[in-house]
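Read off the chains here:
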Amino acid sequence: MREASTDTRIKIQHLAVSGPQNPANALTYYNSLASQNCTVFIAVGEVAVTAMASGRSNFPQARHLAVGHDPGDPNVTLVEAASTDATRTAVRDLVSRAA
């Protein structure tokens, strides 16, 4: 995300879910970012991806990327977590194109 931000001058934010690691708690963090009119969401791992997928329909104008877990939603772009470098490159490219 940092590389895409540098290349495109987009603003990035990162929120880590604190407290219970479950989709209901993670949805609060997703909604917080969505209420700030974020245009690209990147969720990593099953809990975050599940939360994003459940809240995505409320923010259909945004682009949604899921890393490492397939939400089964055709409106979410799946990024395979093959390796750290491959994941980083894929996310950077997708975010740069979305900017």
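Residues numbered from 1 in each chain as written. Predicted model: local features only at pLDDT ≥ 70, side-chain atom pairs only at ≥ 80, totals over all residues. Heavy atoms only, no water.

**Student:** Looking at this model, I keep getting lost on the packing of aromatic side chains. Mind explaining?
**Tutor:** Centre-to-centre distance and the angle between the planes together describe a pair of aromatic rings. Counted by the stated rule, this structure contains 2 aromatic pairs. Ring geometry for Tyr30 versus Phe41: centroids 4.7 Å apart, planes at 45°, classification tilted. On the criterion of sequence distance, the pair formed by Tyr30 in helix H2 (residues 23-34) and Phe41 in strand S1 (residues 40-44) is long-range, its members being 11 residues apart. For the residue pair Tyr30 and Phe41, the accessibility class agrees, reading buried in each case. Considering the side-chain rings of Tyr30 and Phe59, the 5.9 Å spacing of their centres and the 70° angle between planes classify their relative orientation as edge-to-face. Separated by 29 residues along the polypeptide, Tyr30 in helix H2 and Phe59 in the loop between helix H3 (46-55) and strand S2 (63-67) bring together distant segments of the chain. By way of ring pairs, the aromatic residues Tyr30, Phe41 and Phe59 are connected into one cluster. (Phe/Tyr/Trp six-rings, centres within 6.5 Å; stacked < 30°, edge-to-face > 60°. Helix = DSSP H or I, 4+ residues; strand = E, 2+ residues; numbered from the N terminus. Buried < 20%, exposed > 50% of the residue type's maximum accessible area, 1.4 Å probe, protein only.)

**Student:** Quick question: what am I supposed to make of the confidence of the model for the protein chain here?
**Tutor:** Parts of the model with low pLDDT should not have their predicted coordinates read in detail. Overall, the prediction assigns the protein chain a mean pLDDT of 86, with 91% of residues at 70 or greater. Ranking the helices and strands of the protein chain by mean pLDDT puts H3 first, with 94, and helix H1 (residues 2-8) last, with 67. (pLDDT = per-residue confidence, 0-100.)

**Student:** How do you make sense of the pattern of salt bridges when you look at a structure like this?
**Tutor:** Two side chains bearing opposite charge may form a pair once their charged atoms approach each other closely. On inspection of all chains with the given rule, the structure shows 3 salt bridges. One salt bridge connects Asp73 with Arg56, and the closest N-O pair in it is separated by 2.8 Å. With a gap of 17 residues between them, Asp73 in the loop between S2 and strand S3 (76-79) and Arg56 in the loop between H3 and S2 connect regions that are remote in the sequence. A residue is classified by how much of its surface remains accessible, and Asp73, at 15% relative accessible area, is buried. Classification of Arg56 by relative accessible area gives buried; the value is 13%. Ionic pairing is found between Arg88 and Asp85, a salt bridge with its closest N-O pair at 2.9 Å. Pair noted here: Arg88 and Asp85 are both in helix H4 (residues 84-98), with a separation of 3 residues, about one helical turn. (Salt bridge = Lys/Arg side-chain N within 4 Å of Asp/Glu carboxyl O.)

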